[in-house]
Amino acid sequence: MADTGVKYPATVSTIQETGDDNDWVTPAEVVSDNAVYANIIAASFDSPDTSYLLRATNFSMGVPAGATINGILVAIERYYANGRCNDYDVCLTKNGTARVGDDKSTGAIFTTAPAIVSFGGATDLWNTTWTAAEINASTFGVLYKMQATDANADGFVDFIRVTVYYTAIT
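Participant: Break down the pattern of salt bridges for me, with residues and values.
Facilitator: Counted by the stated rule, this structure contains 9 salt bridges. Asp150 is the salt-bridge partner of Arg84, the closest N and O atoms lying 3.2 Å from each other. A residue pair is termed long-range when its members are at least 10 positions apart, and Arg84 in the loop between strand S5 (68–82) and strand S6 (85–93) and Asp150 in the loop between strand S9 (141–148) and strand S10 (153–167) qualify at 66 residues. The exposure class of Asp150 is partly exposed, given its relative accessible area of 29%. Salt bridges here are not isolated pairs; linked through shared partners, they connect Glu17, Asp20, Asp89, Arg99 and Lys145.

Written out as structure tokens, the structure is:
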């Protein structure tokens, strides 16, 4: 089994969905592992508020045409300061908008120091099917939200990265 190596998004945006309370500050910072964070540090980010949807796409995966997709691993580095935060949505998208397959969020509380958390894996298809063309599309991506679980929560995300595992046609 081959893999794409770690890939970071080239395109990041936020979307306010029904019930979302706070937008991200500098969401484009999730495009690299550089200890510069997208964040929400608003005094109004209080339990049970949720962030806007953070959409990371355009990963330039480079999976060979016709390859069988075996699994998708998403890694996110995040932490909280002051009030606590937790993962709320960790989903994939094929078209850049709609969630597909499983939501891998378990509601895990962030740590107080930066930590990388992984979702999916080398043999996890997130309960959907994938083609090389879907993975390589600029609209393939990760949809992510966090939630405040205390008053005046501060949440930080350094990066969202993806590795795709595949078997090439021989």
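Participant: I'd like a rundown of the pairing of S9, residues and numbers included.
Facilitator: The side chains of a regular strand alternate, residue by residue, between the two faces of the sheet. Of all 8 residues in S9, 8 are buried, a share of seventy percent or more. With burial as the criterion, each face of S9 is covered, one bearing Gly141, Leu143, Lys145 and Gln147 and the other bearing Val142, Tyr144, Met146 and Ala148. One ladder, built from 4 bridges, connects strand S4 (residues 53–57) with S9; its direction is antiparallel. In the sheet register, Arg55 faces S9, and the bridge partner there is Leu143. The pairing of S6 with S9 spans 8 bridges and is antiparallel.

Participant: Explain unusual backbone geometry to me, and be specific about the residues and the numbers.
Facilitator: Here the residue pair Ser47 and Pro48 is connected by a cis peptide bond, since its omega of 5° sits within 30 degrees of zero. Tracing the backbone shows Pro48 in the loop between strand S3 (38–40) and S4. In this structure, Thr26 takes a positive phi of about 50° despite not being glycine. With respect to the element layout, Thr26 can be found in the loop between strand S2 (11–15) and S3. Its relative accessible area of 40% is what places Thr26 among the partly exposed residues. Positive phi, close to 50°, is recorded for Ser60, a residue that is not glycine. With respect to the helices, strands and loops of the structure, Ser60 is situated in the loop between S4 and S5.

Conventions we followed
Residues numbered from 1 in each chain as written. Predicted model: local features only at pLDDT ≥ 70, side-chain atom pairs only at ≥ 80, totals over all residues. Heavy atoms only, no water. Salt bridge = Lys/Arg side-chain N within 4 Å of Asp/Glu carboxyl O. Helix = DSSP H or I, 4+ residues; strand = E, 2+ residues; numbered from the N terminus. Buried < 20%, exposed > 50% of the residue type's maximum accessible area, 1.4 Å probe, protein only. Pairing = 2+ DSSP bridges.

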